[in-house]
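Analysis of the macromolecular model
Now for the letters of each chain:
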Amino acid sequence: QVQLVESGGGLVQAGGSLRLSCAASGRTFAYAMGWFRQAPGKEREFVATSVWSRAYYADSVTGRFTISRDNSKKMVYLQMNSLKPEDTAVYYCAAAIGGGGNYHSPSLYGYWGQGTQVTVSS
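Keep in mind it's a predicted model, so treat the numbers as computed, not measured. (Residues numbered from 1 in each chain as written. Predicted model: local features only at pLDDT ≥ 70, side-chain atom pairs only at ≥ 80, totals over all residues. Heavy atoms only, no water.)

So, on to the sheet that holds strand β3 (residues 18–25). Adjacent strands of a sheet pair through backbone hydrogen bonds, lying either parallel or antiparallel. Strand order across the open sheet formed by four strands is β1-β3-β8-β7, with antiparallel pairing between neighbours. Edge positions in the sheet fall to β1 (3–7) and β7 (65–70), since each of these pairs with one other strand and no more. Pairs of neighbouring strands in the sheet enclose a mean axial angle of 15°, with direction left out of account. In terms of strand pairing, β3 meets strand β8 (residues 75–80) through six bridges, oriented antiparallel. Its bridge partner lying in β8, Leu18 is registered against Met80. (Pairing = 2+ DSSP bridges. Helix = DSSP H or I, 4+ residues; strand = E, 2+ residues; numbered from the N terminus. Axes fitted to C-alpha atoms, helices over the stretch in contact; angles between N-to-C directions.)

Put into structure tokens, the structure is as follows:
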């Protein structure tokens, strides 16, 4: 089992930066750890994921966001630069410990954090 706790959200002006952190606990290794986000009235959408140390990004964040993992600390990070108002959402950390499939799909990930709010003002 895996427990996930996000931190680092907040309010930032457009063009600014934030760094989200996700702390994982439990004895099971998660081969995929990713970030998703959900804005009010919208479905949860893929942001970025690290799968066996390879990173994948949504087109909307490529070049602005960077995902990284520290397996020794059981941490995953999301560095967000050049933030835009449309990045405003609740950001969720997610982990997959088995199976396979589409890394962009929330259904792959069996474990989720509680979410952290990111608000970007114009």
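Moving on, we get to the environment of Trp35. Turning to its location among the elements, Trp35 is positioned in strand β4 (residues 32–38). Taking the relative accessible area as the measure of exposure, Trp35 reaches 0% and is therefore buried. For Trp35 and Cys22, which are 13 residues apart along the polypeptide, the C-alpha to C-alpha distance reads 9.3 Å. (Buried < 20%, exposed > 50% of the residue type's maximum accessible area, 1.4 Å probe, protein only.)

As a further point, take the pairing of β1. Across the two faces of β1 the burial differs, with Leu4 and Glu6 buried and Gln3, Val5 and Ser7 not buried at all. Bridge analysis of β1 against β3 gives five bridges, and the strand direction is antiparallel. Residue pairing across strands places Val5 opposite Ala23, the latter belonging to β3.

To continue, consider the packing of aromatic side chains. Throughout the structure, instances matching the rule amount to seven aromatic pairs. When the ring of Tyr109 is compared with that of Trp112, the centres are 6.3 Å apart and the planes differ by 65°; the resulting orientation is edge-to-face. Residue class for Tyr109 comes out buried when judged on its relative accessible area of 4%. Under the relative-accessibility criterion, Trp112 is labelled partly exposed at 27%. Among the aromatic residues, ring-to-ring pairing joins Phe36, Phe46, Tyr109 and Trp112 into one connected group. (Phe/Tyr/Trp six-rings, centres within 6.5 Å; stacked < 30°, edge-to-face > 60°.)

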